[in-house]
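# Inside the fold
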Amino acid sequence: MKSRISSFCSARLLILILTVLLFSGCSSQPEKQLPVMGEINKDFTFINQDSQEVTPAVFTGKVVITDFFFTTCPSICPIMKRQMHRVYEVFKETPDILFFSHTIDPEHDTPEVLHNFAQGLGADTQKWQMVTGDQDEIFAMAKHYMLGAMKNEDVPGGYIHSGSFVLVDKKKRIRGYYNGTDEAEVDMLITDLRILLNEE
């Protein structure tokens, strides 16, 4: 009888040890690493919603989430801005993060229009910069991000553009693309932002 009890206790002890080892092994697994998908090295000069000149220097020391939109967009932009605002609300107190939105309709989206648009979102204009400028330069910038943006009079609003959010690290490297109209993908962006902040 004592032998059976001893064997039973030994078996339970072995299971306990194996369980501890299993969980300690899981906790020591390396954190997810985000891939490097490209580099932002194109020069630019834009004007933000406060009528201030903006150059690549604004990215210095920042993790950047960027996108392309226009304020009168009747299709995907309202969804994108709601989702971007959701990310903004999570990280608005994090000093190392910058939100950077380019309008693709500079003729309409003047600094004053962008300022009012940002105010409507309740956005800190230093934390979330919305920029306008020469349209060809903006289209070229979208291409540099490997995104699409162009005029098309056959679609509502007169423009076609990517709905992606792009995640850029402090070394100006692209680390992720996320569908700005998909809540699950934007959740992934929030997760990846935290990973990238720890990495930096």
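Residues numbered from 1 in each chain as written. Predicted model: local features only at pLDDT ≥ 70, side-chain atom pairs only at ≥ 80, totals over all residues. Heavy atoms only, no water.

### A word on the nonpolar core
General note: in soluble globular proteins, nonpolar side chains tend to be found buried as a group. Judged by nonpolar contacts, the single largest core of 50 residues is most densely connected at Ile65, Phe99, Tyr145, Leu167 and Leu193. When sequence neighbours within four positions are dropped, the list of residues in contact with Leu193 reads Val63, Ile65, Val87, Phe91, Ile97 and Leu167. (Core = buried A, V, L, I, M, F, W, Y, C linked by side-chain atoms within 4.5 Å. Buried < 20%, exposed > 50% of the residue type's maximum accessible area, 1.4 Å probe, protein only. Contact = heavy atoms within 4.5 Å.)

### With respect to unusual backbone geometry
Despite not being glycine, Ser51 has its phi angle at roughly 60 degrees, a positive value. Within the element layout of this structure, Ser51 appears in the loop between β2 (46–48) and β3 (53–54). Here Ser51 falls in the exposed class, since its relative accessible area comes to 54%. Despite not being glycine, Met146 shows a phi value in the positive range, around 65 degrees. Mapped onto the fold, Met146 is located in the loop between α4 (135–144) and β7 (149–151). Exposure remark for Met146: the relative accessible area of 51% places this residue in the exposed category. (Helix = DSSP H or I, 4+ residues; strand = E, 2+ residues; numbered from the N terminus.)

### Side note on the packing of aromatic side chains
Within this structure, the stated rule accounts for 10 aromatic pairs. Between the aromatic rings of Phe99 and Trp128, the centroid separation amounts to 5.9 Å while the plane-to-plane angle is 45 degrees, which identifies the pairing as tilted. Here the residue Phe99 occupies a position in strand β5 (residues 97–103), and Trp128 occupies one in strand β6 (residues 128–132), the gap between them amounting to 29 residues. A relative accessible area of 0% means that Phe99 is categorised as buried. Put simply, the rings of Phe44, Phe46, Phe59 and Phe100 touch in pairs and so form one group of aromatic residues. When the ring centre of Phe69 is taken as reference, the NZ or CZ atom of Lys81 above it lies at 4.2 Å. (Phe/Tyr/Trp six-rings, centres within 6.5 Å; stacked < 30°, edge-to-face > 60°. Lys NZ or Arg CZ within 6 Å of the ring centre and 35° of its normal.)

### Some details on the pattern of salt bridges
Two side chains that carry opposite charge are able to pair once their charged atoms sit near each other. Counted under the stated rule, the structure contains seven salt bridges. Each of Asp169, Arg173, Arg175 and Glu199 takes part in salt bridges that share partners, so that together they form one network. (Salt bridge = Lys/Arg side-chain N within 4 Å of Asp/Glu carboxyl O.)

### Examining helix α2 (residues 77–91)
Owing to its 3.6 residues per turn, the α-helix brings residues three or four apart onto one side. For α2, with 15 residues, the first-to-last C-alpha span of 21 Å sits near the 21 Å given by 1.5 Å per residue. Along α2, the residues that are buried comprise Cys77, Met80, Lys81, Gln83, Met84, His85, Val87, Tyr88 and Phe91. (Expected span 1.5 Å × (residues − 1).)

### Description of the sheet that holds β3
With mixed pairing, the eight strands of this open sheet are ordered in space as β1-β10-β9-β4-β5-β6-β2-β3. On the outer flanks of this sheet lie β1 (38–39) and β3, each paired with one strand and no other. Taken together, the seven bridges between strand β4 (residues 63–69) and β5 define a ladder with parallel strand orientation. Note on β5: the bridge partner recorded for Phe69 is Thr103. Lying over the sheet, α2 contacts β4, β5, β6 and β9 (164–168), oriented at roughly 165 degrees with respect to β4. Where helix α5 (residues 183–199) meets the sheet, it contacts β4, β5, β9 and β10 (173–179), and its direction lies at approximately 160 degrees from that of β10. (Pairing = 2+ DSSP bridges. Axes fitted to C-alpha atoms, helices over the stretch in contact; angles between N-to-C directions.)

These values are about where atoms sit, not about what they do.
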